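Chain by chain, the residues:
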Amino acid sequence: MSIGTPEPAKALRPARTGATRQKIFDASMELIGERGAAGVTVDEIAAASGVSKGTVYYNFGSKSELIAQLLRHGVDILKARLEGPAPAVPAGAQDPGTAGTQDPAGTQDPDTSGTQDPLLAMEWMIGAAMDFMSDYPSFARLWVSENWRIPSEWQGTFAVLRGELLAVIGAAVENVAKTYPVDATVSRGSLETAIFGACFVVGLDRQTYNPERTRDQSVAAIMAIMRGYVLKAPAPAG
């Protein structure tokens, strides 16, 4: 295969989570997150897992398949968190970050009383992503270090998994657009990608360089992207 041509996605079956496989997953994620996929051998993975090299091959067949399934495993956990039920909002509650929003005709804020305001749902989802980054920093490092590496043995795998995560974010953005007037000049795909990338970069940056930043500060920074997408009413003249 020529340089720059992505490999097809590996078969991303749901990862079995037996005790042995889980130990291998945990050890692999830590090693590969720290040193990159190319810098870790199966012997090191086996030693860190407390199993034999043969056991690693028995469960995964190859190091390449192990990493593909490791990516699948991590994304399954992240997706489950992002798609989890957001807390209910009491009737009459409003996202303070959208106070004063109007549609082009000048009507009042959308009536979201008794339902989940989509901006609050988005904020909850981003918070869930920040919690995931805190719980699985090695996976976040693996994703950031390998996802944009060209050429990559797992480029096709990353494309499939990235598409799944973007679909979750896209559904949340769509819910916002159905409820609030939004800036039609903003590319929806670029917006989803910006939120997606920010979750990984802001979450990992906090873990690595700025541990003093709170979870809520990180969430607020990413939510600024969404709140810029929602149109505001013009300031009163005079």
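Residues numbered from 1 in each chain as written. Predicted model: local features only at pLDDT ≥ 70, side-chain atom pairs only at ≥ 80, totals over all residues. Heavy atoms only, no water.

## Notes on helix α8 (residues 188-208)
The first and last C-alpha atoms of α8 sit 30 Å apart over 21 residues, in line with the 30 Å expected at 1.5 Å per residue. All buried positions along α8 are accounted for by Leu191, Glu192, Ile195, Phe196, Gly197, Ala198, Cys199, Phe200, Gly203, Leu204 and Arg206. Its buried side turned inward, α8 meets α4 (63-82), α5 (118-135), α6 (137-147), α7 (155-179) and α9 (215-229). (Helix = DSSP H or I, 4+ residues; strand = E, 2+ residues; numbered from the N terminus. Expected span 1.5 Å × (residues − 1). Buried < 20%, exposed > 50% of the residue type's maximum accessible area, 1.4 Å probe, protein only. Contact = heavy atoms within 4.5 Å.)

## Details of the environment of Lys79
Assignment of secondary structure puts Lys79 in helix α4. Each C-alpha atom, one on Lys79 and one on Leu161, is 10.0 Å from the other, the two residues being 82 residues apart in sequence. In contact with Lys79, not counting residues within four places along its chain, are Glu164 and Leu165.

## Observations regarding the pattern of salt bridges
Using the criterion set out here, one finds 12 salt bridges in the structure. Here Asp131 and Arg215 are joined by a salt bridge, their closest N and O atoms 2.7 Å apart. Here Arg215 lies in helix α9 and Asp131 lies in helix α5, a separation of 84 residues in the sequence. Given the relative accessible area of 28%, Asp131 is considered partly exposed. Arg215 sits in the partly exposed class, given a relative accessible area of 30%. Through salt bridges that share partners, Arg72, Asp76, Lys79 and Glu164 make up one connected network. (Salt bridge = Lys/Arg side-chain N within 4 Å of Asp/Glu carboxyl O.)

## Quick word on the packing of aromatic side chains
Overall, the coordinates contain eight aromatic pairs when judged by the stated rule. Centre to centre, the rings of Phe132 and Phe139 are 5.7 Å apart; their planes meet at 80°, and the pair counts as edge-to-face. Judged by its relative accessible area of 0%, Phe132 falls in the buried class. Between Trp143 and Phe200, the ring centres sit 5.5 Å apart and the planes meet at 15°, which makes this aromatic pair stacked. You can see Trp143 sitting in helix α6 and its partner Phe200 sitting in helix α8, a full 57 residues away along the chain. You can call Trp143 buried: its relative accessible area is 0%. Linked through ring pairs, Phe132, Tyr136, Phe139, Trp143, Phe158, Phe196 and Phe200 together constitute an aromatic cluster. (Phe/Tyr/Trp six-rings, centres within 6.5 Å; stacked < 30°, edge-to-face > 60°.)

## Considerations on the packing of α8 against α9
At their nearest, the axes of α8 and α9 sit 10 Å apart, and the two run at 165° to each other. Looking at the two axes, α8 sits roughly antiparallel to α9. Viewed along their axes, α8 and α9 form a crossing whose handedness is right-handed. Of the residues in α9, those touching α8 at Arg188, Leu191, Ala194, Ile195, Ala198, Cys199, Val202 and Arg206 are Arg215, Ser218, Ile222, Ile225, Met226 and Tyr229. Classifying every residue of the contact of α8 with α9 by side-chain character gives 10 nonpolar, one polar and three charged. (Axes fitted to C-alpha atoms, helices over the stretch in contact; angles between N-to-C directions. Parallel < 35°, antiparallel > 145°, perpendicular 65-115°, else oblique. Left-handed = near helix turned anticlockwise from the far one by under 90°. Nonpolar A, V, L, I, M, F, W, Y, C, P; charged D, E, K, R; others polar.)

## A closer look at the packing of helix α2 (residues 42-49) against helix α3 (residues 53-60)
At a closest axis distance of 8 Å, the pairing of α2 and α3 adopts a crossing angle of 100°. Classified by the interaxial angle, the pair formed by α2 and α3 is roughly perpendicular. Contacts between α2 and α3 involve Val42, Asp43, Ile45 and Ala46 from the first element and Lys53, Val56 and Tyr57 from the second. Across the contact of α2 with α3, the residue classes break down as five nonpolar, no polar and two charged.

## Quick look at the side chain of Asn210
By secondary structure assignment, the location of Asn210 is in the loop between α8 and α9. In terms of polar contacts, Asn210 uses its side chain to reach the side chain of Asp205, at 2.8 Å. (Polar contact = N/O pair within 3.5 Å; in protein donor to acceptor, adjacent residues only side chain to side chain.)

## Some details on α9
Relative to the 21 Å expected for 15 residues at 1.5 Å per residue, α9 spans 22 Å between its end C-alpha atoms, a close match to the ideal helical length. Largest kink in α9: about 30°, centred on Met223. Burial in α9 covers these residues: Ser218, Val219, Ile222, Met223, Met226, Arg227 and Tyr229. Buried residues along α9 sit in contact with α5, α7 and α8. (Bend = angle between axes of the 7 residues up to and from the residue.)

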